[in-house]
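Per-entry structural report
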Amino acid sequence: MIVVKIVTQVKLMPEAQQAAALSATLRTVNDLACWVSAVAFAHGVPREYELRKHTYPRLKAEGLGAQSAQHTIKKVRDAYTTLRANIRAGNLGKPKSKRRRKAESKPITFRPDAAQPYDDRCMSWQYDQRTVSIWTTEGRLKAVRFVCSADALKVLQQYRKGESDLIERDGVFYLVATCEVPEAETYEPDGFIGVDLGIVNIATTSTGYQAAGRALNRYRKRQLALRAKLQKKRTKSAKRRLKERSRREARHVKNTNHIIAKTIVTEAERTSAGISLEELKGIRQRVRLRKPQRVALHSWSFAQLGGFIVYKAKRAGVPLVFVDPAYTSQTCAECGHVDKRNRIDQGLFICRGCGVVAHADRNASHNIATRGEIVWNAGRESRVPATR
């Protein structure tokens, strides 16, 4: 059975004494994680088993339980694995760049409120009572209340599997649980819906749906101006306001992308169509823009929107393919004529071959839909066994 891994977040509602214990636990384990990281760095970041020999006795002596000590060591080792993957991928710059040298020259550190993983031996869920029992450095806390939506509770009850992370944000505690939801059986699509992603229009589909980015871009500019204004003041109240507003923009963008993705997937499911997305990996490295435009490009969360569409499509059984986006904005969806002059401006497309006039993003979405159908048919044909 193929599953889709998703995360479900619940908000803890601890009493004052419970909150103090949870906060002290996070600070203790993250302080020890920084020490484990320093030991790992000094020994050339050994494998997890060898690192355990160097650190496990002290972690136990500091009051961590056996499982919590193991999770702390694994958290550190995973952090170094992620760092190496980012270095190999070039995400931290070239070998001699300042950012890469800084990352490689010192141990990884953890914030006092960084997430700490828990497994079923450290924590148990009581779904009917909506409480959890969780290990802390001050003993096991029982009947810690949590709140979540009815849908989230249903997903937790049916599909929760593996570890859950305890995190603290601005004094509020959350549990983020991993759920393995079975993929729905994919149906045979009756055509494809092409999705053109952009900055002016976040998403434009070949069926006519268009999610304009004007409001979101205006919101981002307003937030950027407000942050600059508060940072310039450098007062305690300004810093407090900045902290209060932290992550607000990210939450707003995430909610917007969820709504757009759900609209697209629901339309595809309703019409028994598939979804064709353009493969935009590496676009930030390929595109060259003037300095004023770079902020818009680098704050454009197309990867997040694409990820939301992918997992929602898998859960619904909607067929999904990725296609090469090259020349989709220059190709006429009616006659196939390719010319960079066809794209008059951001919103206008006039074909120099057949003279058709169309919205530029709508035209591109039709090209993406056509390519999606070609890719799907090619894959379907390739799955047929060869006859002898």
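These lines cover the structure that appears in this document, whether it is placed above or below.

Let's talk about the overall build of the protein
- Check the secondary structure of the protein and you find 12 helices and 14 strands.
- Seen through its C-alpha atoms, the protein measures out along the principal axes to roughly 80 × 60 × 45 Å.
- Per-residue burial over the protein gives 38% buried out of 388 residues.
- When contacts within the protein are restricted to residue pairs at least 6 apart in sequence, those whose partners lie at least 24 apart make up 65%.

Observations concerning the sheet that holds strand 5 (residues 139-147)
- With respect to topology, 7 strands assemble into an open sheet ordered 2-6-7-1-5-4-3, the strand pairing being antiparallel. Two strands close off the open sheet at either side, each with one partner strand: strand 2 (116-118) and strand 3 (123-126). Strand-to-strand twist in this sheet, taken as the mean axis angle between neighbours without regard to direction, amounts to 35°.
- By the bridge criterion, 4 bridges tie strand 3 to strand 4 (residues 131-136) in an arrangement that is antiparallel. Pairing of Q126 across the sheet is with T131, part of strand 4.
- Docked against the sheet, helix 3 (residues 66-89) engages strand 2, strand 4 and strand 6 (160-169), running at close to 130° with respect to strand 2.
- Contacts between helix 5 (residues 150-159) and the sheet are confined to strand 1 (3-13), strand 3, strand 5, strand 6 and strand 7 (172-182), with strand 7 contributing the most and set at about 60° to the helix.

A word on unusual backbone geometry
- A positive phi is found at R234, a non-glycine position, where the angle reads about 60°.
- Relative to the helices and strands, R234 is located in the loop between helix 6 (214-233) and helix 7 (236-245).
- Among the residues examined, R234 registers a relative accessible area of 70% and is labelled exposed.

A short note on the pairing of strand 6
- Looking at chain direction, strand 2 and strand 6 are connected through 3 bridges and run antiparallel. Bridge pairing in strand 6 links Q116 to L166.
- In this structure, strand 6 lies alongside strand 7, joined through 7 bridges in antiparallel fashion. Along strand 7, the bridge assignment pairs D165 with V176.
- Once strand 6 ends, the chain turns through 2 residues before running back antiparallel as strand 7, passing D170 with a positive phi of about 50°.

A short note on the sheet that holds strand 10 (residues 210-212)
- Taken together, the 5 strands give an open sheet; going across it, the order is 10-9-8-11-12, and neighbouring strands pair in mixed fashion. This sheet does not close on itself; its edge strands, each paired only once, are strand 10 and strand 12 (320-323). Shown here is a sheet whose adjacent strand axes are inclined to one another by a mean of 20°, direction ignored.
- Where strand 8 (residues 192-197) meets strand 11 (residues 274-278), 4 bridges bridge the pair, whose relative direction is parallel. Among the inter-strand pairings, G194 is bridged to a residue of strand 11, identified as S276.

Criteria and cut-off values
Residues numbered from 1 in each chain as written. Predicted model: local features only at pLDDT ≥ 70, side-chain atom pairs only at ≥ 80, totals over all residues. Heavy atoms only, no water. Helix = DSSP H or I, 4+ residues; strand = E, 2+ residues; numbered from the N terminus. Buried < 20%, exposed > 50% of the residue type's maximum accessible area, 1.4 Å probe, protein only. Contact = heavy atoms within 4.5 Å. Pairing = 2+ DSSP bridges. Axes fitted to C-alpha atoms, helices over the stretch in contact; angles between N-to-C directions.

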